Amino acid sequence: CAGGDAVERAAALARSAALVEDALDRRGLDGLVRRLVEAGQVPARKQVTEGEASFPVQTYVRRTPSELVDEAAAEVGVDAASDSFLEQDVVAILTSKAVDYR
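The rules behind these values
- Residues numbered from 1 in each chain as written.
- Predicted model: local features only at pLDDT ≥ 70, side-chain atom pairs only at ≥ 80, totals over all residues.
- Heavy atoms only, no water.
- Salt bridge = Lys/Arg side-chain N within 4 Å of Asp/Glu carboxyl O.
- Helix = DSSP H or I, 4+ residues; strand = E, 2+ residues; numbered from the N terminus.
- Buried < 20%, exposed > 50% of the residue type's maximum accessible area, 1.4 Å probe, protein only.

Chemist: Any chance you could explain the pattern of salt bridges here in plain terms?
Modeler: Close approach of charged atoms lets side chains of opposite charge pair. This model, assessed by the stated rule, comprises 5 salt bridges. Here Arg26 makes a salt bridge to Asp30, at a shortest N to O gap of 2.9 Å. In this pair, Arg26 and Asp30 are both assigned in helix H2 (residues 26–38), 4 residues apart and thus about one turn of the helix distant. A relative accessible area of 16% places Arg26 in the buried class. The residue Arg26 makes a salt bridge to Asp70 at a minimum N-O spacing of 2.8 Å. With Arg26 in helix H2 and Asp70 in helix H4 (residues 65–76), this pair connects stretches of sequence that are 44 residues apart. Among the charged side chains, a network of salt bridges with common partners joins Arg26, Asp30 and Asp70.

Function cannot be read off these values alone, since they describe shape.
Structure (structure tokens):
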């Protein structure tokens, strides 16, 4: 996305993706994060984590959009098990250190 800061762009994404009463359900939020990952809007370093094996070579695994949302929600104090996420929740999740949408 061009123009504006990450918070403004995240808010616009939340509004455009919201289907019911200005809220986004968990499936929609996971889908939004998936599309951001596919578009290269989430840094690669946020998409991977260390795997089980560390010897003789460290392995890495790609995290799913759902795992990214879970980590981000825990970081910003949003209930990841919620049925709906308001605009401010989506903005907090997208701009968290776990997702780092820019």
